[in-house]
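The residues making up each chain are set out below.
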Amino acid sequence: MRILLVKLSSLGDIIQTFDASRALVESFPNCRLDWAVEKSYLPLIQSLPWVDRAIPFSFGALKKNRYLRWGEVVCQLKELRKVGYDRVYDLQGNSKSGLVTWMAKSRYKVGLGANSVAETPNRLVTNHQYEFPESGGMPARYRAIVERDVGKQVVLKGGMRLALSAKERLEHAELQRGRVGHLMVCPGSRWENKKLSIDQWKGLLAGVEVRLMFIWGSQTEKAEAEALSRMFPGSCVVGGLSLPLWQNVMRDQIGVVCVDSAALHLAAASQVATFSIFGASNPQFYAPLGERHAHFFGDCPFGKQFGKRCGILRTCESGGCMKEICPSALKQSFTRWCASLRELSGKKCDLQSV
């Protein structure tokens, strides 16, 4: 059997789909699984041992040069048409993924129902549609679509580990020297309104008795990580990591402290303990579940209510749901997580009295 999974972007959403993709492989032993994805995320999908082929698309580049890039997308769609599939699963649910799903050669196309799909035109290209369950995090909801289609619950075997290249294995060996057993702190986010300030991070982490590892993914984040590291003697700064290398380093640490970002979803998928801070996105959908995970949800200063994400996440000039979080309430929540984590793992992750 040959199966195509369509999940083009974004990074966090792709990571949240990992369990669903593994459920497909467990449901159809010896199947061949292809994954249609944005070109920029191609190396990530290629690092998944259970995926046979990653198929790149350049929709994201259309913003830079619409006319030139459409020619590239058309060529990519023609390449897709060369292969026939027994089943196609569109877990993106928007117009871009709908175009890929429509062009894929298959009589059996699974998609999202009217209450779950991101953009209604997507429903025109699928012939088996299912709604997300009403509760649970997004990884469980994506997985539920697969389980509803195959008609059974799927037990995932073993843990998830992204494959390292030969170069990355050498880099990992270097990082392991003296950099195991830290508390990994990932302050970065694609959206400014999801981030905490330097002073907020300083207040939150003050008194932590374990070593800290600050992670960066861009030059701006690097400057922030280095500024934080100078405030905490004995800490280290690590950045510019590929997703597989980041995951492998992450698995060697005590836990991850972050905002709602790719770091959170990668840690959750890798079964690493997390403490996360939310404001403009809803932890009901995006926070990991389980006793090793905890989160703090900041209040909107305007009293806005929302489902998955705040409608003005990208444009809000205040960012008050994050920037105006009560420091003592956040600290207390973090302290409880540290104490709980110490009890669960036996590893020292304690705070001095606040």
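Cut-off values and rules
- Residues numbered from 1 in each chain as written.
- Predicted model: local features only at pLDDT ≥ 70, side-chain atom pairs only at ≥ 80, totals over all residues.
- Heavy atoms only, no water.
- Phe/Tyr/Trp six-rings, centres within 6.5 Å; stacked < 30°, edge-to-face > 60°.
- Helix = DSSP H or I, 4+ residues; strand = E, 2+ residues; numbered from the N terminus.
- Buried < 20%, exposed > 50% of the residue type's maximum accessible area, 1.4 Å probe, protein only.
- Lys NZ or Arg CZ within 6 Å of the ring centre and 35° of its normal.
- Salt bridge = Lys/Arg side-chain N within 4 Å of Asp/Glu carboxyl O.
- Core = buried A, V, L, I, M, F, W, Y, C linked by side-chain atoms within 4.5 Å.
- Contact = heavy atoms within 4.5 Å.
- Polar contact = N/O pair within 3.5 Å; in protein donor to acceptor, adjacent residues only side chain to side chain.
- Pairing = 2+ DSSP bridges.
- Axes fitted to C-alpha atoms, helices over the stretch in contact; angles between N-to-C directions.
- Expected span 1.5 Å × (residues − 1).
- Disulfide = S-S within 2.5 Å.
- Patch = residues over 30% accessible without salt bridge, like charges linked within 9 Å, V, L, I, M, F, W, Y side chains within 5 Å.
- Areas by Shrake-Rupley, 256 points an atom, 1.4 Å probe, with all protein chains shown as cover.
- Lys, Arg positive; Asp, Glu negative; His and termini not counted.
- Charge placed at Lys NZ, Arg CZ, Asp CG, Glu CD.

*Asks:* It is not clear to me how the packing of aromatic side chains should be interpreted in this structure. Could you clarify?
*Replies:* Applying the stated criterion across every chain, the model contains 11 aromatic pairs. Their ring planes at 40° and their centres at 6.1 Å tell us that F214 and F232 sit as a pair that is tilted. Note that F214 is positioned in strand β8 (residues 212-216) and F232 in the loop between α9 (219-231) and β9 (236-239), a separation of 18 residues in sequence. Just as F214 is buried, F232 falls in that class too. Ring pairs connect the aromatic residues F18, W35 and W50, which therefore count as one cluster. In this arrangement the basic side chain of R87 is found over the ring face of Y108, its NZ or CZ atom lying 4.3 Å from the centre.

*Asks:* Just to check I follow, could you spell out the pattern of salt bridges for this structure?
*Replies:* Once their charged atoms are close, side chains differing in charge can pair, the charge on each being opposite to the other. One pass over the structure, following the stated rule, counts 13 salt bridges. A single network of salt bridges, built from pairs that share partners, joins R2, R32, D34 and R53.

*Asks:* Looking at this structure, how should I read the nonpolar core?
*Replies:* One recurring pattern in soluble globular proteins is that nonpolar side chains are buried together. Of all hydrophobic cores here, the largest spans 64 residues; its most connected members are F18, W35, M184 and W246. Those residues in contact with M184 that lie beyond four places of it in its chain are M213, I215, W246, V249, M250, Q253, G255, V256 and V257.

*Asks:* Which parts of the structure should I look at to understand the side chain of D34?
*Replies:* The residue D34 is located in strand β2 (residues 32-38) in this model. A relative accessible area of 0% places D34 in the buried class. At a separation of 3.4 Å, a polar atom in the side chain of D34 contacts the side chain of R2. Contact partners of D34, with chain neighbours within four places excluded, come to R2, I3, L4, L5, D52, R53, I55 and Y85.

*Asks:* Sorry if this is basic, but what is going on with the sheet that holds strand β4 (residues 87-90) here?
*Replies:* Paired through backbone hydrogen bonds, the strands of a sheet run either parallel or antiparallel to each other. Strand order in the open sheet formed by 6 strands is β3-β2-β1-β4-β5-β6, and the pairing between neighbours is parallel. With one partner strand each, in any of the chains shown, β3 (53-57) and β6 (128-130) form the two edges of the open sheet. When the angles between neighbouring strand axes are averaged without regard to direction, this sheet yields 20°. Across 3 bridges, the pairing between strand β5 (residues 109-112) and β6 is parallel. Note that in β6 the partner of G111 across the bridge is Q129. Most of the contacts of helix α5 (residues 95-103) go to β4, to which it runs at about 175°, and overall it touches β1 (2-6), β2, β3, β4 and β5.

*Asks:* Teacher, can you tell me more about helix α6 (residues 138-150) here?
*Replies:* Because an α-helix completes one turn every 3.6 residues, residues spaced three or four positions apart along the sequence face the same direction. Its 13 residues place the ends of α6 19 Å apart at the C-alpha level, agreeing with the 18 Å of an ideal helix rising 1.5 Å per residue. Residues of α6 that are buried sit in contact with α1 (11-16), α2 (18-27), β4, β5, β6 and α12 (283-286). Note on α6: the residue one or two positions beyond its end, G151, has a positive phi of about 80°.

*Asks:* Please clarify how the state of the cysteines should be interpreted in this entry.
*Replies:* In a disulfide, the sulfur atoms of two cysteines are held together by a covalent bond. Evaluation of the coordinates by the stated rule reveals 0 disulfides. We note that C236 lacks a disulfide partner, and the nearest cysteine sulfur, in C186, lies 11 Å from it.

*Asks:* Please explain the pairing of β1 as it appears in this structure.
*Replies:* On a regular strand, each side chain points to the face opposite its neighbour's, so the side chains alternate between the two faces of the sheet. Burial of β1 is extensive: 4 of the 5 residues sit out of reach of the surface. Of the pairings in the sheet, the one linking β1 to β2 comprises 5 bridges and is parallel in character. Bridging across to β2, I3 finds its partner in L33. Relative to β4, β1 is paired through 4 bridges, and the arrangement is parallel. By the bridge assignment, L5 is partnered in β4 with Y89.

*Asks:* Whenever I open this one, a positive patch on the surface confuses me. Can you help?
*Replies:* Among the surface-exposed residues, K63, K96, R190 and R314 lie close enough to one another that they form a single positively charged patch. On the secondary structure map, K96 appears in helix α5. Exposure remark for K96: the relative accessible area of 34% places this residue in the partly exposed category.

This is a description of form; function is not addressed.
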